[in-house]
Amino acid sequence: MLITILYGILRLALWLLLAPLLPGIVNKVKAWVAGRRGPPVLQLYYDLARLWRKGVVLSTLASPGFLAGPAVGWVAIVGAALLLPLGPAGSVLGFRGDVLLLIYLLALARFCTVWAALETGSAFEGMGSVREVSYAVLTEAAILAAVLSLCVHNRGLALAEILAPSAGAGATLLAAGLFTVLLAENCRVPFDDPNTHLELTMIHEAMILDHSGPPLAAILHGASVKLLLFSVLLVQAVLPIGAFAPLAGIGVLVGGVLVTTVGVGLVESLLARFAFKQVPFLLTLAFLLCLFALLVAWKGGAA
Amino acid sequence: MNAADNLAPIANATSIPWAEVPEWPVADLVRVVADALTRNGRLCSWFGVAEPTAGPALSHAEGPALSGVEGEGAIRLVAVVAFDAENTLAVGRSLPFSEEKYPALTLLNHQAHLFEREVWEQFGVEPEGHPWLKPVRRTAGNAPANGEFFRVDGGEIHEVAVGPVHAGVIEPGHFRFQCAGEEVIHLEIALGYQHRGIERALAGGPHRATMAQMETASGDTTIGHATAYATVLESLAGTEAPLRAQWLRAIALELERLACHTGDLGALAGDVAFLPTSSACGKIRGDFLNLSALLCGNRFGRGLVRPGGCRHDLEPERAKTMLARLETHLADAEQAATWLWDAASVRARFENVGCVYPQQAAAIGMVGPAARASGLVRDVRYDHPAGWHRFAQAPVAVWSGGDVLARARVRWLEIQRSGQFLREQIATPPEGGIRDELAPAAPDSLAVALVEGWRGEVCHVALTDAAGRFRRYKITDPSFHNWTGLALALRNQAISDFPINNKSFNLSYCGFDL
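Residues numbered from 1 in each chain as written. Chains lettered and ligands numbered in written order. Predicted model: local features only at pLDDT ≥ 70, side-chain atom pairs only at ≥ 80, totals over all residues. Heavy atoms only, no water.

1. Section: the overall build of chain B
Step number 1: Looking only at helices and strands, one finds 16 helices and 18 strands in chain B.
Step number 2: Against the globule reference of 24 Å for 514 residues, chain B gives a C-alpha radius of gyration of 22 Å, in line with a compact fold.
Step number 3: Seen through its principal axes, chain B has C-alpha atoms that stretch 70 × 65 × 45 Å.
Step number 4: Expressed as a percentage of its 514 residues, the buried residues of chain B come to 61%.
Step number 5: Long-range pairs, those at least 24 residues apart, make up 71% of the contacts in chain B between residues at least 6 apart in sequence.
Step number 6: Split by element, the accessible area of chain B, about 18500 Å² in all, is 53% carbon and sulfur.
Step number 7: Charge-centre separation for chain B: the mean point of 46 positive side chains lies 4 Å from the mean point of 59 negative side chains. (Helix = DSSP H or I, 4+ residues; strand = E, 2+ residues; numbered from the N terminus. Rg over C-alpha atoms; globule rule 2.2 N^0.38 Å. Buried < 20%, exposed > 50% of the residue type's maximum accessible area, 1.4 Å probe, protein only. Contact = heavy atoms within 4.5 Å. Areas by Shrake-Rupley, 256 points an atom, 1.4 Å probe, with all protein chains shown as cover. Lys, Arg positive; Asp, Glu negative; His and termini not counted. Charge placed at Lys NZ, Arg CZ, Asp CG, Glu CD.)

Laid out in structure tokens, this is it:
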């Protein structure tokens, strides 16, 4: 029992400590392509430490929801991350149907961010919330289709069951669909520009304009955990990690996450972001890719 | 049209005795100018001049504020109209009047709308029938008196206020959007946050600080404004700068254009998150600025242009260095621009976004690259050549479409053509000195100088008093003509496309605010 709890804490620490590495790698890749030296890979850690020491500026208009939003959102994302199995290491909190909880936790995190954003009554944050929620309608459909295809293909409802074996014939479709969803859900180019200072063009950044200090640190850290979560999910959904020896499986998982991260950096380096009216088309494409993966899993003669 | 209705013709960079400027009662001046504007005229400037009050004249020490720039007494209105196709300018003035109203020129021609608001703000003279009479840059307390903004009614309309404090390190200005969802129905731009009182400070001048003030009227157009100011003083002195100084000014002007256009192409790429061009252009802009530094020791060209000539020469040795470095930087710029034009994702963002139609651009009197991107062929270097541009010209860069892509394309065409111009001109310098002693300015004269800065037409008009000091000095930055174009470009566009539209114009706030 104690061992299980200790193991769980260890897994939690792993998620929390490793996550901020990913945005650092993305930025390094971008800097490398542009011929710059770029910020240190550990920059986000420094930023989080700095924000944690800072005070909070609170609007007199905002209710406690302004602070509760980031807190609940952070817990929801970290909870979702703990549900995910890690290749041969399996999951800590897995149970039958945990895949639904994962999806709902991600939705809860989004709800909390939007809630906190609307607390300020600012026009920018209102616009950011509208955009976030509109695009979420499409990305969530894509995630649902992807999860369904995995459930159908591997005949299970627990993440550990559906992620360990291969995704079968639909793997390529799923890879393309889930990578697009990863970019959209994590506010990366071509959907959003994490580096922009232009409030009118922001989605996610616009929603957190009025946050400062530790709540902002929680939001930024939560965002990095979310990026890691989606990378891990993508790699496990696509690669048959269960087919490898335990150590090799961990190696493949880590390698896969790194490749995904570098891929995000390369997309960001070489592509301009889309106009907002084009975004739904791309997201619909991602949904269709996942839907076809579902069809392949369903009709394509599952195991 | 009888001869008495003609404005007095005048060439760019020349002066005319004040007494020879034809005068009409104000209502007739409005009619005459409106007529001129319908004959393909373009309103370069329209401003008020306070009449000296009867009795003991105010000395400059007592109040420069009252000597011609602002006031309550009788005023005259002065119009400067450009006939681009005929390569001439024309000036006219009204008889002094002290009524509080006159029939608005704006009703007959929209080009005058901001000018008339400015006159109303400075002299309290109301252009009767002006549809949107509110302050231009007057301050009330610590901020400009913005007045009421235009509002769109409707349950689904929401208002977005941006600025004056922006997220980037840029100048302050306030933008008020009326939106239906993501779509902009109307944009109103309120400026004045950088009003420093340059025109007021010039009354009774030139003063010791005047040259520095001119170079910073709009800091990124240092050469443009400094050249216009020097040209005004030279034409008032009845002379012109030595040929070699004119050559130096032309080179500096194109270097300024190269740096700003390159920087803006990079900024446009940055706004759509296209990193390759964005990163490269930031560096190449610096390279071009360093060429200005090679010429005069300052990256923005400060301290080069002076009335009577230039302060720094370009010796053959440095000219050779400059040519060699120019070739490298132009090749770099070519590469960065190729990335931009070749990226489908970028074209998708620029095409059919923020269109200003040729009729609109002409109606509001737009100038510079923004006007040329709407297919209007107007370029002071070509239409009203003065200085070195009488001997050497670059082809006018025109593109059709009026969208962000067209404005970006015109910038790129101008980079190429300015580059070619520099290659040819640096290699063939004229002989001679670079600076002459300037004779005193002619008394009671009006001088006009137009210069094609990188944003468009920089217009300086000076009126001297009996002692040859400035009685009135009017600066019209190209931004003054073009801000309205940005507002029009945003009609029915996505609000998220505002930044790329704004960047494609990249207008000056301080040049407008003065």
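Don't stop here, the text continues.
2. A word on the interface of chain A and chain B
Step number 1: The interface of chain A with chain B comprises 23 residues on the first partner and 24 residues on the second.
Step number 2: Interface area for chain A against chain B, summed over the two sides, is near 1900 Å², with a carbon-plus-sulfur share of 65%.
Step number 3: For Glu-182 of chain B, the salt bridge goes to Arg-131 of chain A, with nearest N and O atoms at 2.6 Å.
Step number 4: Here chain A is connected to chain B by four residue pairs in polar contact (both at pLDDT 80 or more).
Step number 5: Going through the elements one at a time, α2 (21-34), α6 (123-154) and α11 (246-270) of chain A are the ones with two or more residues in the side of chain A that touches chain B. (Buried area = accessible area lost by both parts, 1.4 Å probe. Salt bridge = Lys/Arg side-chain N within 4 Å of Asp/Glu carboxyl O. Polar contact = N/O pair within 3.5 Å; in protein donor to acceptor, adjacent residues only side chain to side chain.)

3. Let's talk about the packing of aromatic side chains
All names here are of chain B.
Step number 1: Under the definition given, this model contains 15 aromatic pairs over all chains.
Step number 2: Between the aromatic rings of Trp-483 and Tyr-509, the centroid separation amounts to 5.0 Å while the plane-to-plane angle is 70 degrees, which identifies the pairing as edge-to-face. Of this pair, Trp-483 sits in helix α14 (residues 478-489) while Tyr-509 sits in helix α16 (residues 509-513), and the two are 26 residues apart along the sequence.
Step number 3: Since its relative accessible area comes to 3%, Trp-483 is described here as buried.
Step number 4: Assessed through its relative accessible area of 5%, Tyr-509 is described here as buried.
Step number 5: Ring pairing ties together the aromatic residues Phe-175, Phe-177, Trp-483, Phe-498 and Tyr-509, which thus form one cluster.
Step number 6: Here the basic side chain of Arg-137 rests over the ring of Phe-512, its NZ or CZ set 5.6 Å away from the ring centre.
Step number 7: Here the guanidinium or amino end of Arg-138 rests over the ring plane of Trp-120, the centre of that ring lying 5.7 Å away. (Phe/Tyr/Trp six-rings, centres within 6.5 Å; stacked < 30°, edge-to-face > 60°. Lys NZ or Arg CZ within 6 Å of the ring centre and 35° of its normal.)

4. What to know about the sheet that holds strand β16 (residues 445-453) of chain B
Residues and elements named next belong to chain B.
Step number 1: If you trace the four strands from one edge of the open sheet to the other, you get β2-β16-β17-β18, paired in antiparallel fashion. Both outer strands of the open sheet, β2 (14-17) and β18 (470-476), are each paired with one neighbouring strand and no more. Neighbour to neighbour, the strand axes of the sheet diverge by 15 degrees on average, direction disregarded.
Step number 2: Sheet analysis places strand β17 (residues 456-464) next to β18, joined by six bridges and oriented antiparallel. Counted as the bridge partner of Val-461 is Lys-474 from β18. (Pairing = 2+ DSSP bridges. Axes fitted to C-alpha atoms, helices over the stretch in contact; angles between N-to-C directions.)

5. With respect to the environment of Lys-277 of chain A
All names here are of chain A.
Step number 1: Relative to the assigned elements, Lys-277 resides in the loop between α11 and α12 (279-299).
Step number 2: Using a relative accessible area of 59% as the deciding quantity, one classes Lys-277 as exposed.
Step number 3: Put simply, Lys-277 and Val-99 are 178 residues apart on the chain and 31 Å apart in space, counted from C-alpha to C-alpha.

6. Regarding the pattern of salt bridges
Step number 1: With the rule as written, the count across this model stands at 41 salt bridges over all chains.
Step number 2: Residues joined in a network through salt bridges with shared partners are Glu-254, Arg-257, Arg-372, Asp-379, Arg-381, Glu-414 and Glu-452 of chain B.

7. Brief notes about a nonpolar patch on the surface
Step number 1: Judged by side-chain polarity, Met-1, Leu-2, Ile-5, Leu-6 and Ile-9 of chain A come together as a nonpolar surface patch covering roughly 580 Å² of accessible area.
Step number 2: By secondary structure assignment, the location of Ile-9 of chain A is in helix α1 (residues 2-18). (Patch = residues over 30% accessible without salt bridge, like charges linked within 9 Å, V, L, I, M, F, W, Y side chains within 5 Å.)

8. Focus: helix α15 (residues 498-505) of chain B
Step number 1: Within α15 of chain B, eight of the eight residues are buried, leaving the element largely enclosed by the surrounding structure.
Step number 2: Taken from the residues just after α15 of chain B, Asn-506 of chain B is the one with a positive phi, measuring 40 degrees.

9. Regarding unusual backbone geometry
Step number 1: In this model, Val-189 of chain A is joined to Pro-190 of chain A through a cis peptide bond whose omega is 5 degrees.
Step number 2: Along the chain, Pro-190 of chain A falls in the loop between α8 (171-185) and α9 (204-207).
Step number 3: Phi at Ala-13 of chain B is positive, roughly 65 degrees, even though this residue is not glycine.
Step number 4: Positionally, Ala-13 of chain B belongs in the loop between β1 (8-10) and β2.

10. A short note on the confidence of the model for chain A
Step number 1: Looking at chain A as a whole, its pLDDT mean stands at 90, while 99% of the residues score no less than 70.
Step number 2: Per-residue pLDDT, averaged within each element of chain A, yields its smallest value for helix α7 (residues 159-163) of chain A (86) and its largest for helix α3 (residues 43-53) of chain A (96). (pLDDT = per-residue confidence, 0-100.)

11. Here's the deal with the sheet that holds strand β13 (residues 183-190) of chain B
Residue and element names in this part refer to chain B.
Step number 1: Strand order across the open sheet formed by three strands is β11-β12-β13, with antiparallel pairing between neighbours. The open sheet terminates on both sides in strands that have one partner only, identified here as β11 (157-162) and β13. The mean inter-strand angle of the sheet, taken between neighbouring strand axes irrespective of direction, is 20 degrees.
Step number 2: Against the sheet, α14 makes contact with β12 (174-180) and β13, and its axis sits at roughly 160 degrees relative to β13, the strand it touches most.

12. Overview of the packing of α8 of chain A against α12 of chain A
Residues and elements named next belong to chain A.
Step number 1: The contact between α8 and α12 brings their axes to 8 Å, and the two run at 145 degrees. Helix-helix and strand crossings are classified by hand; for α8 and α12 the assignment is left-handed. Note on element contacts: α12 touches α8 through Leu-282, Leu-283, Ala-286, Leu-289, Cys-290, Phe-292, Ala-293 and Val-296, opposite Leu-173, Leu-174, Ala-176, Gly-177, Leu-178, Thr-180, Val-181 and Ala-184.
Step number 2: Each residue belonging to the contact of α8 with α12 can be placed in one class, and the counts come to 14 nonpolar, two polar and no charged. (Left-handed = near helix turned anticlockwise from the far one by under 90°. Nonpolar A, V, L, I, M, F, W, Y, C, P; charged D, E, K, R; others polar.)

13. A look at the side chain of Gln-246 of chain B
Residues and elements named next belong to chain B.
Step number 1: Counting through the fold element by element, Gln-246 comes out in helix α6 (residues 243-271).
Step number 2: When its relative accessible area of 6% is taken as the criterion, Gln-246 is described as buried.
Step number 3: There is a polar contact of 2.8 Å between the side chain of Gln-246 and the side chain of Glu-240.

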